[in-house]
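Residue-level structure breakdown
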Amino acid sequence: MARTTLPSLALGAAAAALALAPSTADAKPARSGIQVEGLIGGSNCIPGRADCTPDSDTLNGTTRGAVGGGVLLGWRALRWMTLGVAYRGGMFRPDYELQFDNAYARGSQHSVFAVARPTIPIWRFDLGLNVAPGYSRQIFRYEGGDQDFTQGFAFMTGPVVDVYLTQRFFLGFEADFIFNAHRDVCNVRGSSTECVRYEERYPNPVHQAIYGLHIGFNS
């Protein structure tokens, strides 16, 4: 039996999507108006000020990716430009050997961006690129409830490829890369919070990729 590959699955999904798309002239993609989008899929850690796989005297282990997603509320100002506000949330699965603290239980990042997406419309396809400055907060929680967090300016970019299945409904794939400019790491220990410059003993701040199924519509 022939081995199933990811490219063949992607081609099959694209063929099925196009088969569902109406072929009449009246169903030509609108590409205008208020635009609502959703993204659901996975997340990956990208090395930043902190490493995803540190190996030092104070921190040894890895930060794995997990689930991720988000939403966007925007306006299709022109056929080739979408403007909007987006939220992205992605999880981390930290696995570290710590000498003086409880183990990290989980990690997460929450971000808000002002998005400009230049887009090349080709027939029913949209080929876009997110350009989005914003703000993010990244948290690594200990098993005992304490946490280390960073926050500050972030920049998101990445490709968006969609196909219109109807006049206003589209489906596709999106991959966002979030780059953080966080500096201080804040330690929450009980009711006390202290912020210090980044040191090797912390798993954050790292950058993050969020990718998966992209779905939306114009109204």
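See above for the structure.
In this report, the structure presented in the accompanying data block is examined. None of the values given here were measured: they were computed from a predicted structure. (Residues numbered from 1 in each chain as written. Predicted model: local features only at pLDDT ≥ 70, side-chain atom pairs only at ≥ 80, totals over all residues. Heavy atoms only, no water.)

The next thing to look at is the pairing of strand E4 (residues 104–122). Where strand E3 (residues 81–97) and E4 come together, 12 bridges link them in antiparallel fashion. Within E4, the residue paired with glycine 90 across the bridge is glutamine 109. By the bridge criterion, 14 bridges tie E4 to strand E5 (residues 125–142) in an arrangement that is antiparallel. From the neighbouring strand, serine 111 faces E5, where its bridge partner is serine 136. What sits between E4 and E5 in their antiparallel hairpin is a turn of two residues, with tryptophan 123 showing a positive phi close to 55 degrees. (Pairing = 2+ DSSP bridges. Helix = DSSP H or I, 4+ residues; strand = E, 2+ residues; numbered from the N terminus.)

Okay, the pattern of salt bridges next. Per the counting criterion, the structure on display carries nine salt bridges. Between aspartate 126 and arginine 31 there is a salt bridge, and its shortest N-O distance comes to 2.8 Å. In this pair, aspartate 126 sits in strand E5 while arginine 31 sits in the loop between helix H1 (6–20) and strand E1 (33–46), placing the two residues 95 residues apart along the sequence. With relative accessibility at 6%, the residue aspartate 126 sits in the buried group. For arginine 88, the salt bridge goes to aspartate 176, with nearest N and O atoms at 2.8 Å. Pair noted here: arginine 88 is in strand E3 and aspartate 176 is in strand E7 (residues 169–180), with a separation of 88 residues, a long-range link. Each member of the pair, arginine 88 together with aspartate 176, is buried. (Salt bridge = Lys/Arg side-chain N within 4 Å of Asp/Glu carboxyl O. Buried < 20%, exposed > 50% of the residue type's maximum accessible area, 1.4 Å probe, protein only.)

Accessibility expressed as a relative area gives 3% for arginine 31, which makes it buried. A distance of 2.8 Å separates a polar side-chain atom of arginine 31 from the backbone oxygen of tryptophan 123. At a separation of 2.8 Å, a polar atom in the side chain of arginine 31 contacts the side chain of aspartate 126. (Polar contact = N/O pair within 3.5 Å; in protein donor to acceptor, adjacent residues only side chain to side chain.)

For the rest of this paragraph, the subject is the state of the cysteines. Summed over the entire model, instances satisfying the criterion amount to two disulfides. Sulfur-sulfur distance for the disulfide between cysteine 45 and cysteine 52 comes to 2.1 Å. The sign of the S-S torsion, about -90 degrees, decides the handedness of the disulfide formed by cysteine 45 and cysteine 52: left-handed. At a sulfur-sulfur separation of 2.0 Å, the disulfide partner of cysteine 186 is cysteine 195. The S-S bond linking cysteine 186 to cysteine 195 shows a torsion near 100 degrees; that makes this disulfide right-handed. The exposure class of cysteine 195 is partly exposed, given its relative accessible area of 42%. (Disulfide = S-S within 2.5 Å.)

What follows is about the packing of aromatic side chains. Scanning the model with the defined rule gives six aromatic pairs in all. Ring centres of tyrosine 104 and tyrosine 142 lie 4.4 Å apart, and the angle between their planes is 25 degrees; on these two criteria the pair is classed as stacked. Highlighted residues: tyrosine 104 in strand E4 and tyrosine 142 in strand E5, separated in sequence by 38 residues. Across the pair, exposure class does not vary: tyrosine 104 and tyrosine 142 are buried alike. Between tryptophan 123 and phenylalanine 125, the ring centres sit 6.3 Å apart and the planes meet at 45 degrees, which makes this aromatic pair tilted. For phenylalanine 125, a relative accessible area of 27% gives the class partly exposed. (Phe/Tyr/Trp six-rings, centres within 6.5 Å; stacked < 30°, edge-to-face > 60°.)

With that settled, consider the environment of phenylalanine 113. For phenylalanine 113, the location among the structural elements is in strand E4. Take phenylalanine 113: its relative accessible area is 1%, and that puts it in the buried class. In sequence terms phenylalanine 113 and arginine 88 are 25 residues apart; their C-alpha atoms lie 8.3 Å from each other. Ignoring any residue separated from it by four or fewer positions in sequence, one finds phenylalanine 113 in contact with Gly84, Val85, Ala86, Arg88, Ala132, Pro133, Gly134, Ala154, Phe155, Met156 and Ile178. (Contact = heavy atoms within 4.5 Å.)

On to the nonpolar core, then. Counting residues in each nonpolar core, the largest one holds 13 residues, and the members touching the most others are Cys45, Phe92, Tyr104, Tyr202 and Val206. Contributions of two or more residues to this core are made by E3 and E5. If you look at the next biggest cluster of nonpolar residues, it comprises 10 residues, including Ala132, Ala154, Met156 and Ile178. (Core = buried A, V, L, I, M, F, W, Y, C linked by side-chain atoms within 4.5 Å.)

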